[in-house]
Amino acid sequence: MLDQRLVRDNPDSIAKELGRRGKAVDLTRLQLIAQQQRNLEETRSSLQAEGNRIGKEVGQRIKAGADPQGDDVAELRKQGNSIKQKVAVLEEEEKLLTTQLKEQLLTFPNLPSPDCPEGKDETDNIELRRWGTPREEKGLEEHWQIAERLKLFDTERSVRIAQSRFVTLMGQGARLERGLINFMLDLHTSKGYCEVLPPVLVNTASLTGSGQLPKFADESFRCAEDDLWLTPTAEVPVTSLHRDEIIPSDQLPLRYAAYSPCFRREAGSYGRDTRGLIRLHQFNKVELYWFAHPDQSAEAHQQITADAEAVLQELELPYRVIELCTGDLGFSARRTYDLEVWLPGAGAYREISSCSVCGDFQARRSSIRTKEGKATKLVHTLNGSGLAVGRTMAAILETGQQPDGSIRLPKALIPYVGLEQLEPK
RNA sequence: GGAGAGGUGGCCGAGUGGUCGAAGGCGCAGCACUGGAAAUGCUGUAUAGGGGCAACUCUAUCGAGGGUUCGAAUCCCUCCCUCUCCGCCA
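Sequence order sets the numbering: in each chain, residues are counted from 1 along the sequence as written. Numbering of ligands from 1 and lettering of chains from A proceed in the order in which they are written. Whole-chain, interface and lining totals are the exception, using all residues; otherwise, since this is a predicted model, local features are given only for residues with pLDDT of at least 70 and side-chain atom pairs are given and counted only at 80 or more. Side-chain descriptors were evaluated using all non-hydrogen atoms of the structure, hydrogens and water having been removed beforehand.

A.B. asks: Describe the pattern of salt bridges, listing the residues and the values that go with them.
C.D. replies: For this analysis, a salt bridge means a side-chain nitrogen from Lys or Arg found within 4 Å of a carboxyl oxygen belonging to Asp or Glu. In this structure the tally under the stated criterion is 24 salt bridges. Of the charged contacts, one joins Arg61 and Glu57 as a salt bridge, the two residues approaching to 2.6 Å between their closest N and O atoms. Taken together, the residues span about one helical turn, with Arg61 and Glu57 both in helix α3 (residues 28–63) at a distance of 4 residues. Throughout, exposure labels follow a simple rule: accessible area from a 1.4 Å probe, protein chains only, divided by the maximum for the residue type, with under 20% read as buried, over 50% as exposed, and the rest as partly exposed. What makes Glu57 partly exposed here is its relative accessible area of 21%. A salt bridge links Arg130 to Glu127; the shortest N-O distance between them is 2.4 Å. Runs of E in the DSSP output that reach at least two residues are strands. Runs of H or I that reach at least four are helices, and both are numbered from the N terminus.

So this is what it looks like as structure tokens:
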């Protein structure tokens, strides 16, 4: 959420910064609401001050022995009543404006960081670096072909169980997925991350706090009978882990590694990535999340990205790091690095992790603060996939394929899967 | 699902109509004591939004929303949530 003070005092510069995302933004109406709201607050509160003064005086006089039914007390009561009525009218107007202001503020995306490169869409993203040597020989299979051959998962039967875009991992496939989750969590916790296994049903306040609501309601699955939604990412429950809290500054940064299944409606992606593990309504993900002191968030962003990269490096999966331009930035992000893993079968880099610094955007929505001396300030939040498990499996299958049709597993993963390689059964 | 209890500051916990933003404790910070520390003592320490260069000051907030009153943490109504016991259940 944007800072309402900034909107009130510097609407033009805020509009300009938001405009870097590619769409012109007009804040004049919002600024007017904010201004009116503040004016009303001023009159209302000074009126209330007068009312409080009268109330106290009545109490004092009665205590001092005045007749509670006497004329002078009655006169004060009358004044009190008249103020009360005026305040009631003002309060109603003010409440309306406050609600409007809040509602509006929640619909604006975060301000891009000044360091975020300008651009209109993904074609303007910038490749920062590459790691590893991609396999580029011809005739390699795509992961879903391998999976079919090795019977790692069943998509057709999953339609029977649920719908399209669901997958049932079976046999070695299920085992590999489980091994990957354990491997990732072990790697992160060995570096000091606190492991989290959160609820995957989350309430509206949680989704609003991390930025999915109110704008992206159609992207999430909702439980009709309850105020609960299926979480689209562990980022949501982990943000709300500290919602409405003040975190002592000596505890920062708090670093969490949360495994959760993730649920996305993928509205508007008909026909894209219909085969395999790339785009599903339900997938597994290990998410890294930091609550950081505002002064530390830039470094934290480098670190969280490095921690995500470490998973790919340990798994010997070639990848590249992309910096998103302003036009491709997510709603809550100020700056984002995407990790794209090389899929030899598909012959393409695919996003496998997105590491974002959100500044105080989520912290303001979720009211997560820290204390520094006397001052209370909003913390900064960061998130990064470490990693999307299904896509990781796809990369391992495509990268590890050997001439005899078996799949070599990365060394680091062998103890987790209990197999040297995957073979047709 | 049935019965009961309760929601107060960073935490615990008092407070049933008047200067209560709220006793006391814990925690935290500063100071004193000390060679240094512990212990002890003193002082300070809620959040949000206004106004002011600042000192400071105003308003709101005791789960949420209404009501009674000149005045509500305290009384009334509605709702939400949490806990305990019973039932059911992985």
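Further notes follow.
A.B. asks: Tell me about the sheet that holds strand β13 (residues 348–357), and please be specific about residues and values.
C.D. replies: Strands qualify as paired when DSSP identifies two bridges or more between them. Taken in spatial order, the 8 strands of this open sheet run β1-β11-β12-β13-β16-β10-β9-β4, and their pairing is mixed. Strands with a single pairing partner mark the edges of an open sheet, and in this sheet they are β1 (126–131) and β4 (194–196). On average, each strand axis in the sheet is inclined to that of its neighbour by 25°, with strand direction left out of account. As paired strands, strand β12 (residues 335–343) and β13 are joined by 9 bridges and run antiparallel to one another. When the bridges of β13 are listed, Glu340 appears paired with Glu351. When checking whether two residues touch, look at their non-hydrogen atoms; a contact exists if any pair is within 4.5 Å. Lines fitted to C-alpha atoms define the axes here, with helix axes fitted over just the stretch in contact, and angles between the N-to-C directions of these axes take values from 0 to 180 degrees. Lying on the sheet, helix α7 (residues 172–189) is in contact with β4, β9 (254–263), β10 (282–292) and β16 (380–388); it crosses β10 at an angle near 10°.

A.B. asks: So what about the side chain of Ser366? Which residues, and what values?
C.D. replies: Mapped onto the fold, Ser366 is located in helix α11 (residues 361–366). We define a polar contact as two N or O atoms separated by no more than 3.5 Å, with the added condition that, inside protein, one atom must be a possible hydrogen donor and the other a possible acceptor, whereas residues neighbouring each other in sequence contribute only through side-chain atom pairs. At 3.0 Å, the side chain of Ser366 forms a polar contact with the backbone oxygen of Gly209. Once residues within four sequence positions are removed from consideration, Ser366 is found in contact with Gly209, Ser210, Thr239, Arg243 and Asp244.

A.B. asks: How would you sum up the packing of α7 against helix α10 (residues 297–314)? Please name residues and give values.
C.D. replies: The N-to-C vectors of α7 and α10 enclose an angle of 130°; their axes lie 11 Å apart at closest approach. It follows from the interaxial angle that α7 and α10 lie oblique. Seen from above, α7 lies across α10 with right-handed handedness. Contacts between α7 and α10 involve Phe183, Met184, Leu187 and His188 from the first element and Asp307, Ala310, Val311 and Glu314 from the second. Under the grouping applied here, Gly and all other residues not named as nonpolar or charged are polar, the nonpolar ones being Ala, Val, Leu, Ile, Met, Phe, Trp, Tyr, Cys and Pro and the charged ones Asp, Glu, Lys and Arg. Within the contact of α7 with α10, the residues separate by chemical class into 5 nonpolar, 1 polar and 2 charged. Each angle gets one of four labels, with under 35 degrees taken as roughly parallel, over 145 as roughly antiparallel, 65 to 115 as roughly perpendicular, and the rest as oblique. A crossing counts as left-handed when the near helix is turned anticlockwise from the far one by less than a right angle, and as right-handed when that turn is clockwise.

A.B. asks: For unusual backbone geometry, give the residues involved together with the corresponding values.
C.D. replies: A cis geometry characterises the amide bond from Leu213 onward to Pro214, with omega recorded as 5°. One can find Pro214 in the loop between α8 (204–210) and β6 (222–223). The step from Leu252 to Pro253 runs through a cis peptide bond, and the omega angle for that step is -5°. Mapped onto the secondary structure, Pro253 falls in the loop between β8 (245–248) and β9. In this structure, Ser367 takes a positive phi of about 55° despite not being glycine. With respect to the secondary-structure elements, Ser367 resides in the loop between α11 and β14 (368–372).

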